[in-house]
Amino acid sequence: MPLQYGANSESPASQLPIEPCEEILECFLDGKRLMGILEGIASGFLQTVSLAVLPYLVIGSVFGLVVGVIPGLSGHFAMAMAVTFLYSMEPGSGIAFLLGAHATVSQGGGITAILFGIPGAPQNAATLLDGPAMRDKGDLGTALGAAMTSCLLGATFGAVVLALLIPVLQEAVLLFGPPEIVILAFLSLTFVAVLGREDMMRSLIAALVGLLLAMVGLDNVTNTERFTFGFERLADGLSLVPVVLGLFAVAEMIELWSISGPLARGQAKIESGRQVQKQIFNGVRVAFRKWWLVLRCSAIGTLMGLIPGLGSAPAAFVAYGHAKQSSKDKESFGKGNVEGVIGPEAANDAVEGGALASTIAFGIPGSSSMAILLSGLFILGLETGPQMLNQHVDIVFIMIFTIILGNLIGTVFGMFLVNPLSRVTTVRSSMFVPVLIAIIVSGAYASDGSLLDIAVALVFGVVGYLMKRLNYSRAALLIGFVLGFVVEKNLYLALMLDGPFFVAEPLPFGLAMIAVVFLAYNVVSIYRNRSRSMPATSNDVPGSSGRTSAEPPRNSATEVWFLACLGALVLAAFMEAFRYEMVSSRTPFVIMTPLLFLMLLQAWRIRSASRAERAGDMPVAGSATGGDAGKIGLMLFSMAALFVLIAVLGHFPGILIYGFLSMYLLAREKLVVSAIVSISVTAALFVVFELAFNIEMYDGLVFRYLQGYRDF
Amino acid sequence: MRLSLQGLTRVNALRWIAASLVAIASLLIGGGVFAQDARSFYEGKSIKWIVPYKPGGGYDEYSRMLAPFVSKYTGARVDIVNMSGSGGMRGSTEIFKAPADGLTVGIVPGSALVMNEIAEQKGAAYKIAEFTYLGRISTEQRVLVVGAESGIKNFEEIADGNKTIVVGAGGLGGNAYVDAVITAHVFGLDQKLIHGFNNSPDIRLALLRGDIDAWWGSLAEALKGVSDKELTIVLHAEKNPDPELENIPSVYDAIAGSEDEAAKEKVLDAWKALSVVGRPVVGPPGIPEDRAAFLQDAFRKAMSDPELVETAEAAGRQISYASSDEMIEIIRSVIDMDQQTQELFASAIRGEL
């Protein structure tokens, strides 16, 4: 029987009141409290599967899945949308709907990541390292099956840990303050060493650039706008969604455009629906067979979920790093190893359980999504915190079962989505690229209603493309970018609160030791590998100038230019930082000094390597995989034009004209085909964004002028 | 053409074309009847309601709670648009710049806008006194809270100066920061102010962990911790306190009988006036008078709708309506503070106090 609670309702008689207790042991032994929790489990489960709640759970989960599939729209958005429907709902149904919509977003995002090589949500960026590679090998179904199953298992793990923590939830949340967060974030940063072990120099440069990018924006300690270079809108910093979309999605589109041909490369034939289905079940089996990996990566996700402000994107990368580090077959990572899909997908869903902890324990949200959940609960007349733990523990279990069942529903529906979506990957790039670029810029704008974000996504697209071509790890950059701010902020607070010896406190000290041991282990293993002279992989570069380079010489000139441009920017930032107060400039200096040094070193290495090659009469012609420079130029021009069109004419006219012209003029498609495709895609985006999701896209300067805006 | 365009709701190509067709048709048939009265103007239109923060905060919650009622009394659809950035300044500026056709309104962080204007902060591209005010949803009641871990029971233990208290705050020049600096200045407190926390959830966690002793927060946020016995309110700023604040001294009690009481009271009054600005609902300057009056009337009716009052109470959201005339008066009184006080506040906001 579904129970209903209003804000003022008394706790029902069936529920035993649970006394708050201090001693952890006592909590578990306290029979009355245990009984209360057991009854909460039963009541929570029965409510979740009751006919009054289950339909909302299904609707919410499917909605979340669809939001996840659309690039740029993330869990935060799914929840914000769902909140508007809560006013007329009962508490149980409302929670199932709201949390269900949030729980399945990473699943949907994983589908997009594997199928199209673009992240559906930021936390799926790590899945891109191996997912699309599996698709290209013809293991599309296996990758998807394994990803969705790992999501389900990870979410279940996180939810179960949350349930087990209930007696000590408050204590667990309070364990993590600024000192602990600094060390944990630093520990996560050291995973760059694992991710980029094949090419440490370039990975370190990428990670440092990421850290530096995190410094952009207002430093609220001194109210200094750092590195905004006059762009007022940059004061809020670069947002995660457009950066991820640019680095991975737009970059992928540029590459695809430059080499033409369908998205799914290397896939000899289109698999039949039945074959994909068979592969999916195989993927499910693989995920279960790798249960120990799933468990460890889920634990990483849940732990990182407990830390306020970290979010799920770094958790997924750390899990990927861990999967790679612990694997026997490290070399195949990045080339379609299923463990590289299982790890991040398990972690990014396990985050949910951890993230709920502080929200439930104290009503203190650890992320923007949790803040929306909290408002949603307010609307439903529920209040989290000790009161809920003590009197409405069944509500907590509704949340827990919603996460588990929601992911189950997401997995089932996701499998149905795969087949129709996988047909799309065989469309040729001349049509596919303009369409996806239109979707990507729509997602980039919608996440925060900012025109700047479209520009950020496009610029980072170029950066991401160059990084991919030149073998700079985009994962390392992203880890640096996500964690840079967390490290700086919490380090500042830890120093202010506990002084320079905060590391000496028991918990931070323990964590710091783990970080040191971990780092030492990696340095040693990398050194050992190098002296053993590992066979060259595609990720490999010469360790010393004496070895023949695996690197095609055509890249060296590009890379020198890339480093020169980057170096000029960093130097400008370096000079700029002298104007800031010490508190605001010290972290940037700590980042930029080694960065400049490493870039110089790298440039010198390339020069000496390419000279050695020239001496050895190496062919200087471009390789077959290299893109057509003219085509890339046109693509960049069309992207710039797209931004101008959107800014001047508005979002939908902009993407319509862009889509039509790039298909008809640049890709030489037939007039009718170009017109039909561009019109129908624009119409579909209009229906989805404006009508279904009610997001107002940019009006364009012309229309704003006609409407009577004072300035733009 | 310009006139009829002003009446359009937003840019979506299809509606745009449809509306132009209708406008042309109505021109042909009705002979250009533009002098509609305000009610029929709003009928079937949609009002863009800008919230200058992301979903999931107080401003967003108030707006979503109120939207159906504004819709009910205007006959227009209310579309909530979240436009976060620059601590609420981006969305507020967007309202200020919007066309004055009465179809764009929004909720703004009143005291922050006033403070930024006083301190001449970059990005304050608006004139607080020029907005068209529909009224006010609620005020900010500021209270000083201490965490259970601090061991502090009441304000006297803070004021006697035996121990340096550690106070937490968000950004430099933010609400909690200015509150702490101004009150410490007035009371001569021995405090260590640690600012730079990301947001109020982070500060509340620090209070619970005992990392900091005290924090200036809003009553609504503080009360939650109070009911869970994690926080204690030790000081408030109200002259006529709510029942929740009974037996808790106010800032005025704290200065009673001290030297320079009058001078201190003047500063406290100015500080208090900032929070009275609260959360106003505004439109851009220059909305036609009949439409402004219609909106103000609809807002008043929405705010006093018994159903809304009940919803707000159930959600624990305090509402305190003020009319547009009262708001203009409040704003005027804040802006007209004397030179010395204004400089004091400006230096507090810039972190120079």
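Structural data are supplied above this passage.
Residues numbered from 1 in each chain as written. Chains lettered and ligands numbered in written order. Predicted model: local features only at pLDDT ≥ 70, side-chain atom pairs only at ≥ 80, totals over all residues. Heavy atoms only, no water.

Novice: So what's going on with the overall build of chain A? Residues and values would help.
Specialist: Check the secondary structure of chain A and you find 30 helices and two strands. Per-residue burial for chain A yields a buried fraction of 61% across its 712 residues. Contacts in chain A between residues at least 24 apart in sequence constitute 79% of all its contacts with a sequence separation of at least 6. Total accessible area on chain A stands at roughly 27100 Å², and carbon and sulfur atoms take up 69% of it. (Helix = DSSP H or I, 4+ residues; strand = E, 2+ residues; numbered from the N terminus. Buried < 20%, exposed > 50% of the residue type's maximum accessible area, 1.4 Å probe, protein only. Contact = heavy atoms within 4.5 Å. Areas by Shrake-Rupley, 256 points an atom, 1.4 Å probe, with all protein chains shown as cover.)

Novice: Break down the packing of aromatic side chains for me, citing the residues and quoting the values.
Specialist: All chains considered together, the criterion is met by 25 aromatic pairs over all chains. Seen from their ring centres, A:Phe578 and A:Phe589 are 5.0 Å apart, and the 50° between their planes marks the pair as tilted. With A:Phe578 in the loop between α25 (554-577) and α26 (582-615) and A:Phe589 in helix α26, the pair connects residues that are eleven residues apart, well separated along the chain. Taken together, the ring pairs in this structure connect A:Phe45, A:Phe397 and A:Phe401 into an aromatic cluster. Above the ring of B:Phe41, the side-chain terminus of B:Lys45 is found at 4.1 Å from the ring centroid. Over the ring of B:Tyr59 we find B:Arg279; its NZ or CZ atom is 4.2 Å from the centre of that ring. (Phe/Tyr/Trp six-rings, centres within 6.5 Å; stacked < 30°, edge-to-face > 60°. Lys NZ or Arg CZ within 6 Å of the ring centre and 35° of its normal.)

Novice: Would you mind going over the side chain of A:Ser188 in detail, with residue names and values included?
Specialist: Residue and element names in this part refer to chain A. Here Ser188 shows up in helix α10 (residues 178-189). By relative accessible area, Ser188 is classed as buried at 5%. What Ser188 contacts, discounting residues up to four positions off in sequence, is Met304, Val318, Ile479 and Leu483.

Novice: Report on the interface of chain B and chain A, specifying residues and quantitative values.
Specialist: Residue-level contacts link 60 residues of chain B with 62 residues of chain A. The tally of links from chain B across to chain A stands at three salt bridges. One salt bridge connects A:Glu696 with B:Lys48, and the closest N-O pair in it is separated by 2.9 Å. Run the count over chain B and chain A and you get 16 residue pairs in polar contact (both at pLDDT 80 or more). Going through the elements one at a time, α1 (2-6), α2 (13-30), α4 (58-74), β2 (77-82), α5 (89-97), β7 (191-195), α9 (200-209) and α10 (219-227) of chain B are the ones with two or more residues in the side of chain B that touches chain A. (Salt bridge = Lys/Arg side-chain N within 4 Å of Asp/Glu carboxyl O. Polar contact = N/O pair within 3.5 Å; in protein donor to acceptor, adjacent residues only side chain to side chain.)

Novice: Can you tell me about the packing of helix α12 (residues 261-277) of chain B against helix α15 (residues 324-335) of chain B, naming the residues and giving the values?
Specialist: Residues and elements named next belong to chain B. Contact pair α12 / α15: the axes reach a minimum separation of 9 Å and the direction vectors enclose 145°. In this structure, α12 crosses over α15, and the sense of that crossing is left-handed. Packed against α12, whose contacting residues are Ala273, Leu274, Val276 and Val277, the element α15 presents Met327, Ile330, Ile331 and Val334 at the interface. (Axes fitted to C-alpha atoms, helices over the stretch in contact; angles between N-to-C directions. Left-handed = near helix turned anticlockwise from the far one by under 90°.)

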